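Now for the letters of each chain:
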Amino acid sequence: MLPISITKATALKEKPTDESKLGFGKIFTDHMFLMDYEEGRGWYDARIVPYANFSLDPATTVFHYGQAIFEGSKCYRRADGGLQLFRPQDNLARMTRSAKRMGMPALDEETALEGLKQLILIEKDWVPHQEGTSLYIRPTMIATDVMLGVHAARHYLFYIILDPVGSYYKDGLKPVGIYVEDEYVRAVRGGTGFTKCAGNYAASILAGAIAEEKGFSQVLWLDGVEQKYVEEVGSMNMMFAYGSKIVTPALNGSILPGITRQSVLTLARQLGYETVETRLAIDDIFADAKSGKLTEAFGTGTAAVISPVGSLCRKDETIVIGDGNIGPVAQKLYDTLTGIQYGRIPDENNWIVRLS
Ligand code: COI
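None of the values given here were measured: they were computed from a predicted structure.

This next bit is on the side chain of Thr-29. Looking at the element boundaries, Thr-29 is found in the loop between strand 1 (4-6) and strand 2 (31-38). The exposure class assigned to Thr-29 is buried, which follows from its relative accessible area of 0%. Of the polar contacts made by the side chain of Thr-29, one reaches the backbone oxygen of His-31; its length is 3.4 Å. If we skip the residues at most four places from it in the chain, Thr-29 touches Lys-13, Tyr-51, Glu-123, Trp-126, Leu-135, Leu-162 and Pro-164.

Structure follows, in structure tokens:
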């Protein structure tokens, strides 16, 4: 593990006073963690420094060819005031898998985890207290070579920034409406769908904007070949409940292998639900919603936690799922998952890393 130097900020920002208005992704703390990489030398100069702008040459490769990957994780405050992380090692391991696909170097996961822990302890007063709030963690890796040739870069920057957050969707646990996208696709076999690369999100923005104009929160992506099978919703994996059976698209290389997805499947099995990972045709979802066989739909993600989906719209047809409120399966999973994350329920799966 690399040594980590610490330079403290001389002036601190004002912390938000009204935690009910935090929203998502708008406020950043006083410090950040950085480390550099050079081919042949590896990762070096791990440091915690005051949060500040980067100065990058306009020819820096990340601006042109998009070698950029990120993660999302959270730090939670327990009722006793202590702090804890949820499966942070899994996020860092996934970043290394994303890096491999993008021709980027494996992360020094050990130094990154230690840097994250030290950073959070410095920023401990930024972790909000109110129910449903947390400190969102955004590890990011970008290519920093200055050149215009299309090659894997030789230099990279890894950094972690922190953001106190409330719920990702403005209405919290109120079910969201999702638009089924059947013109654009997010990912194809052999592509980058399973990675958390910036390009996947860039490719989703137009469809997301069109869906928002139509009054929907997000887009449900279908497979990139036949546009028949459910993949994911950019910011979350999708799950469908048929009574006590939970069905979700199987990981096929073009879906993000969500850490919340995997946690929810594990908890669901431990709670006695049947879980099925399979190929899911959108036509069947619509038919099952209409016949009443499909009882709930919800998304899972770090930012989204568990977000009920109340309606799906495809072309001109809208189906309503459930009664406009969160269903019992999503509610049970939400209570169990957040109970573990906030330290109210024992963590039998060894997912929690206690910081204080
Ligand atoms: C997360 O859930 O952490 C994400 O990265 C999804 C989204 C905010 C981009």
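What follows deals with the site of the ligand. What surrounds the ligand is the set Phe-24, Phe-70, Gly-72, Tyr-136, Arg-138, Tyr-168, Lys-196, Tyr-201, Thr-302 and Ala-303. One of the side-chain N or O atoms of Tyr-136 is found 2.5 Å from an oxygen atom in the ligand. Ala-303 has a polar backbone atom sitting 2.8 Å from an oxygen atom of the ligand. With the chains in place, 91% of the 280 Å² that the ligand exposes on its own is no longer accessible.

Residues spaced three or four apart along an α-helix face the same direction, because each turn holds 3.6 residues. Residues of helix 5 (residues 205-213) that are buried include every one of Ala-207, Gly-208 and Ala-211, and no others. All buried residues of helix 5 lie within an arc of 100° about the axis, which places them on one face of the element. Every exposed residue of helix 5 that faces more than 90 degrees away from the buried side is listed here: Ile-205, Glu-212 and Glu-213. The inward-facing, buried residues of helix 5 contact strand 9 (176-180) and strand 10 (218-220). Looking one or two residues past helix 5, Gly-215 carries a phi angle of roughly 95°, positive in sign.

Quick look at the nonpolar core now. Core analysis: the largest hydrophobic core is formed by 37 residues, its most contacted members being Met-141 and Phe-158. Put simply, the parts of the chain that give this core at least two residues each are strand 2, strand 3 (42-50), strand 6 (83-86), helix 2 (88-101), helix 3 (109-122), strand 7 (134-143) and strand 8 (155-165). Top contributing element to this core by residue count: helix 3, with five residues. Those residues in contact with Phe-158 that sit more than four places away from it in its chain are Phe-33, Leu-34, Met-35, Trp-43, Met-95, Leu-107, Ala-112, Pro-139, Thr-140 and Met-141. Of all hydrophobic cores here, the second largest spans 25 residues; its members include Tyr-169, Leu-220, Ile-282 and Leu-312.

By the secondary structure assignment, Asp-30 is in the loop between strand 1 and strand 2. No salt bridge forms around the buried Asp-30; measuring N to O, its nearest opposite-charge neighbour Lys-15 is 4.4 Å away. Here the side chain of Asp-30 touches Lys-13 through a polar contact of 2.7 Å, landing on its backbone nitrogen. Those residues within four positions of Asp-30 in sequence are excluded, and the remaining contacts are Ala-9, Ala-11, Leu-12, Lys-13, Lys-15, Val-49, Pro-50, Tyr-51, Glu-123 and Trp-126.

So, on to the domain arrangement of the protein. On domain assignment, one finds that the protein holds domain 1 (4-165) and domain 2 (176-341). For domain 1 versus domain 2, the separation of C-alpha centres amounts to 27 Å. Listed by partner, the interface residues are 20 residues for domain 1 and 21 residues for domain 2. Taken together, both faces of the contact between domain 1 and domain 2 bury some 1,800 Å²; the carbon and sulfur share is 60%. Summed over the shared surface of domain 1 and domain 2, the result is 13 residue pairs in polar contact (both at pLDDT 80 or more). At the level of secondary structure, the elements contributing two or more residues to the side of domain 1 that touches domain 2 comprise strand 4 (68-70), strand 5 (73-77), strand 6 and helix 2. Among the residues making up the side of domain 1 that touches domain 2, the classes are represented as eight nonpolar, five polar and seven charged.

Thresholds applied
- Residues numbered from 1 in each chain as written.
- Predicted model: local features only at pLDDT ≥ 70, side-chain atom pairs only at ≥ 80, totals over all residues.
- Heavy atoms only, no water.
- Helix = DSSP H or I, 4+ residues; strand = E, 2+ residues; numbered from the N terminus.
- Buried < 20%, exposed > 50% of the residue type's maximum accessible area, 1.4 Å probe, protein only.
- Polar contact = N/O pair within 3.5 Å; in protein donor to acceptor, adjacent residues only side chain to side chain.
- Contact = heavy atoms within 4.5 Å.
- Near = heavy atom within 4 Å.
- Areas by Shrake-Rupley, 256 points an atom, 1.4 Å probe, with all protein chains shown as cover.
- Arc of directions from axis to C-beta.
- Core = buried A, V, L, I, M, F, W, Y, C linked by side-chain atoms within 4.5 Å.
- Lys, Arg positive; Asp, Glu negative; His and termini not counted.
- Salt bridge = Lys/Arg side-chain N within 4 Å of Asp/Glu carboxyl O.
- Domains from an automatic or database assignment.
- Buried area = accessible area lost by both parts, 1.4 Å probe.
- Nonpolar A, V, L, I, M, F, W, Y, C, P; charged D, E, K, R; others polar.

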